[in-house]
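Given next are the chains, with one letter for each unit.
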Amino acid sequence: MRQVLSRTARVAVVKYALRGRERLGLLRPVGEALSIQGLHWDDEIRSPAELAPPETEVSEKEIEGALTLMEK
């Protein structure tokens, strides 16, 4: 498998079991070995909107203070 992937410059998408769960991975040759990189199923990926901090108001005085600190 490693030789075939090396010669064709391709990778393989694989399913494997880890900690009692079926996982998705990317199998690729690295030197004389095969490396597997874990991927996520679509239901494991959160929307970036959930991670965004809330909008806050910043006063002109706070901006001026930050600029002053950056100049030092």
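Residues numbered from 1 in each chain as written. Predicted model: local features only at pLDDT ≥ 70, side-chain atom pairs only at ≥ 80, totals over all residues. Heavy atoms only, no water.

Visitor: Would you explain the pattern of salt bridges in this entry?
Guide: Opposite charge on two side chains permits pairing when their charged atoms draw close. Counting across every chain of the model gives 3 salt bridges. Note that Arg2 is salt-bridged to Glu32, the shortest N-O span being 3.5 Å. Of this pair, Arg2 sits in helix α1 (residues 2-8) while Glu32 sits in the loop between β2 (21-30) and β3 (33-39), and the two are 30 residues apart along the sequence. For Glu32, a relative accessible area of 70% puts it in the exposed group. Where salt bridges share partners, they join Arg21, Arg23 and Glu44 into one cluster. (Salt bridge = Lys/Arg side-chain N within 4 Å of Asp/Glu carboxyl O. Helix = DSSP H or I, 4+ residues; strand = E, 2+ residues; numbered from the N terminus. Buried < 20%, exposed > 50% of the residue type's maximum accessible area, 1.4 Å probe, protein only.)

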